[in-house]
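Summary of the model geometry
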Amino acid sequence: MFSQNWGGKEMISAGVEVKINRLESIVEQIGEAVLSTTETIERLAERLETLSVQIEAQGKQVQQQGYQIFALCDAVQSLAESQDDSLQQLNQLTQTLSKLTSLIQGADDEL
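What this report covers is the structure whose coordinates are included nearby.

Quick notes on the rules
- Residues numbered from 1 in each chain as written.
- Predicted model: local features only at pLDDT ≥ 70, side-chain atom pairs only at ≥ 80, totals over all residues.
- Heavy atoms only, no water.
- Helix = DSSP H or I, 4+ residues; strand = E, 2+ residues; numbered from the N terminus.
- Rg over C-alpha atoms; globule rule 2.2 N^0.38 Å.
- Buried < 20%, exposed > 50% of the residue type's maximum accessible area, 1.4 Å probe, protein only.
- Areas by Shrake-Rupley, 256 points an atom, 1.4 Å probe, with all protein chains shown as cover.
- Lys, Arg positive; Asp, Glu negative; His and termini not counted.
- Charge placed at Lys NZ, Arg CZ, Asp CG, Glu CD.
- Salt bridge = Lys/Arg side-chain N within 4 Å of Asp/Glu carboxyl O.
- Patch = residues over 30% accessible without salt bridge, like charges linked within 9 Å, V, L, I, M, F, W, Y side chains within 5 Å.

Looking only at helices and strands, the protein features one helix and zero strands. A compact globule built from 111 residues should have a C-alpha radius of gyration of about 13 Å, whereas the protein, at 47 Å, is more than 25% larger. With respect to the principal axes defined by its C-alpha atoms, the protein has extents near 160 × 10 × 10 Å. Sorting the 111 residues of the protein into buried and exposed places 0% on the buried side. Per element, the accessible surface of the protein, about 10,500 Å² overall, is 60% carbon and sulfur. Averaging the coordinates of the 7 positive side-chain charges in the protein and doing the same for the 17 negative ones gives two points 25 Å apart.

Structural data, given as structure tokens:
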């Protein structure tokens, strides 16, 4: 009887050992999956950081271009106003020259 009990304990012990080995294998696979997932997440985080930096730089560039466009519009407006002033002065000069020409022609006619 003693040997039969010992044989049963050996079978139970062997079964427990097999289950422990399976559990160890499962835990090892889970650990590898967690490490792989962590590495993937870290790479994604690095890519997101890179994209964030690029988007921020592009935003600053667009903002700078907006300032440049505003400055250009302001310069064009100033140029248009200056041209308008020049045209008014040219008209006044033309009128003055017309009057002078008339006066000179009138003086020549009297002579």
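The full count for this structure, using the stated rule, is one salt bridge. A salt bridge links Lys 60 to Glu 56; the shortest N-O distance between them is 3.7 Å. Of this pair, Lys 60 and Glu 56 both sit in helix H1 (residues 2-110), four residues apart, which is roughly one turn of the helix. Judged by relative accessible area, Lys 60 falls into the exposed class, the value being 52%.

Residues Asp 74, Glu 81, Asp 84 and Asp 85 make up a contiguous surface patch of negative charge. Tracing the backbone through its elements, the reader meets Asp 85 in helix H1. According to the relative accessible area criterion, Asp 85 is partly exposed, its value standing at 44%.

Looking at the secondary structure, you find Ser 36 in helix H1. Judged by its relative accessible area of 39%, Ser 36 is partly exposed. Sequence separation between Ser 36 and Ile 20 is 16 residues; the distance between their C-alpha atoms is 24 Å.

Before going further, it helps to spend a moment on the environment of Ala 33. As for its position among the elements, Ala 33 is in helix H1. Taking the C-alpha atoms as reference points, Ala 33 and Asn 91, separated by 58 residues in sequence, lie 85 Å from one another.

A word on a nonpolar patch on the surface. Among the surface-exposed residues, Leu 87, Leu 90, Leu 93, Leu 97, Leu 100, Leu 103 and Ile 104 lie close enough to one another that they form a single nonpolar patch of about 680 Å² accessible area. Along the chain, Leu 103 turns up in helix H1.

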